[in-house]
Amino acid sequence: MEEVKWQNLKELLRTVVPGQETAVDVTRELLGEGEEEHKRVVLAIQQRRLNPEPAADPVREPSPRRTHEFYDVGGFCRYLKKFGSDNTVILADPARQQVAAILDETAERGFEVLLFEPLIHPLFAPWANALAPVSRAGDDEPAAVGPASVQLPLKAFLRFVGENRRQIIEPEGRDLAMMLNQVRLSRKVELAQGFGAKCVNGLMVETAIQGGGAGRMEPVDLPEVLTIKCPLYVATSERKMEIDIALDGDETRGVLVTLSSGDLPVVRVAVFEELLEVIRREAGDTMTVAMGFPRHAEWKILPANRT
């Protein structure tokens, strides 16, 4: 910084230089020796450069509320045992396949809701996508669970069976793929005409769909049910599920395969109840565990002049 030269005392005292301070010191000095001493007043004015002040620490905004999602029941229970309390409420919804935990039900500044949603196992994921047993809904609408049903062209179904044949235990996945390598659709139409009370009139259509593997000359009946075995969720045991197969089609659309499963929704609920039982056992008597889904609404405010 360039040194500032002052013309007079008034200018020195009234001028403020950024980064510097002016100190005024008034002292009385004694001069000479002996009985008579001379006294004088000394006015000392000093200027010194100030060190810059450290920068202020940034002000961080408050931590956001916790909305963790857990995929395994063990980690979910350990977290609740460490951070939960007597005011923790756990609500399980089998339709959504979700468990929600409100850490402090008595909180005055908002609720922190944690979510446990079991992760679908990779072996079951293709079957879940093909059957789509659960229609997801919004937070304010319940999810619908029921028998799954989906229709696929024969080529798409054959490709699906080939990619996921290891989960098929009955019939053997490879044999099923061989049966579907060559499918024969035949339709027989008969016209009946008669006269009298017990006569038959009208068209009778008989449709037959049969399969035959490579090297087979004779037709074989296709299975009506296949059984798969795999875990539904990660860190759960294997389950058996039956899937119904129905074939239909015509000359225009070709052969269509309809897959449906009444077992799958039942198995999903059974596995979810087992996971919920683990949560009940770990929560003990301190936390509240029940079936349900958390919901909150605004309080109605009465007019100020109402008594």
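Criteria and thresholds
Residues numbered from 1 in each chain as written. Predicted model: local features only at pLDDT ≥ 70, side-chain atom pairs only at ≥ 80, totals over all residues. Heavy atoms only, no water. Helix = DSSP H or I, 4+ residues; strand = E, 2+ residues; numbered from the N terminus. Buried < 20%, exposed > 50% of the residue type's maximum accessible area, 1.4 Å probe, protein only. Contact = heavy atoms within 4.5 Å. Salt bridge = Lys/Arg side-chain N within 4 Å of Asp/Glu carboxyl O. Phe/Tyr/Trp six-rings, centres within 6.5 Å; stacked < 30°, edge-to-face > 60°. Pairing = 2+ DSSP bridges. Patch = residues over 30% accessible without salt bridge, like charges linked within 9 Å, V, L, I, M, F, W, Y side chains within 5 Å. Areas by Shrake-Rupley, 256 points an atom, 1.4 Å probe, with all protein chains shown as cover. Core = buried A, V, L, I, M, F, W, Y, C linked by side-chain atoms within 4.5 Å. Polar contact = N/O pair within 3.5 Å; in protein donor to acceptor, adjacent residues only side chain to side chain.

A. Spatial organisation of the overall build of the protein. Each helix and strand counted, the protein has six helices and 16 strands in total. Split into buried and exposed, the 307 residues of the protein put 30% on the buried side. Expressed as a percentage of contacts within the protein between residues at least 6 apart in sequence, the contacts between residues at least 24 apart total 54%.

B. The arrangement of unusual backbone geometry in detail. For the bond from glutamate 170 to proline 171, the omega torsion is -10 degrees, close enough to zero to count as cis. By the element assignment, proline 171 lies in the loop between strand 10 (168-170) and helix 5 (173-179). A positive phi angle, close to 55 degrees, is found at glutamine 97, a residue other than glycine. According to the relative accessible area criterion, glutamine 97 is buried, its value standing at 3%.

C. Spotlight on the pattern of salt bridges. This structure, assessed with the given rule, holds five salt bridges. Residue arginine 66 is joined to glutamate 112 by a salt bridge in which the shortest nitrogen-to-oxygen separation is 2.6 Å. With arginine 66 in the loop between strand 2 (38-49) and strand 3 (69-70) and glutamate 112 in the loop between strand 5 (98-102) and strand 6 (113-116), this residue pair connects regions lying 46 residues apart in the sequence.

D. Looking closely at the packing of aromatic side chains. Tallying each qualifying case throughout the model produces five aromatic pairs. Between phenylalanine 76 and phenylalanine 116 the ring centres are 5.5 Å apart and the planes differ by 25 degrees, which places this aromatic pair in the stacked class. On the criterion of sequence distance, the pair formed by phenylalanine 76 in helix 2 (residues 73-83) and phenylalanine 116 in strand 6 is long-range, its members being 40 residues apart. When its relative accessible area of 1% is taken as the criterion, phenylalanine 116 is described as buried.

E. Seen up close, the pairing of strand 6. For strand 3 and strand 6, the ladder comprises two bridges, and the chain directions are parallel. What sits directly across from glutamate 69, in strand 6, is leucine 115. Of the pairings in the sheet, the one linking strand 5 to strand 6 comprises four bridges and is antiparallel in character. For isoleucine 102, the partnering residue across the bridge sits in strand 6 and is valine 113.

F. View of a nonpolar patch on the surface. Together, Tyr71, Leu119 and Val234 line one region of the surface with nonpolar side chains, adding up to about 260 Å² of accessible area. With respect to the helices and strands, the residue valine 234 is situated in the loop between strand 13 (225-231) and strand 14 (238-250). In this structure valine 234 comes out as partly exposed when scored by relative accessible area, which is 37%.

G. View of the nonpolar core. Counting residues in each nonpolar core, the largest one holds 27 residues, and the members touching the most others are Phe124, Trp127, Phe157, Leu226, Met241 and Leu259. At the level of secondary structure, the elements contributing two or more residues to this core comprise helix 3 (125-131), helix 4 (154-163), helix 5, strand 13, strand 14, strand 15 (254-261) and helix 6 (263-283). Counting residues in hydrophobic clusters, the runner-up holds 20 residues, among them Ile90, Ala92, Leu114 and Leu276.

H. Structural detail: the side chain of threonine 88. Assignment of secondary structure puts threonine 88 in the loop between helix 2 and strand 4 (89-93). A polar side-chain atom of threonine 88 sits 2.9 Å from the main-chain amide nitrogen of serine 85. Non-local contacts of threonine 88, meaning those with residues more than four positions away in its chain, are made with Leu80, Ile102, Leu103, Met287 and Thr288.

I. Geometry of the pairing of strand 4. The buried count for strand 4 comes to five of five residues, which makes it a mostly enclosed element. Of the two faces of strand 4, both are covered, the one formed by Val89, Leu91 and Asp93 as well as the one formed by Ile90 and Ala92. Of the strand pairs in this sheet, strand 4 and strand 5 are connected by five bridges, and their pairing is antiparallel. Counterpart to aspartate 93 in the pairing with strand 5 is glutamine 98. Two strands pair when backbone bridges link them, and strand 4 and strand 16 (residues 288-291) are joined in this way by four bridges, in the parallel orientation. Bridged to valine 89 within strand 16 is threonine 288.

The quantities given are spatial measurements derived from coordinates; they are silent on function.
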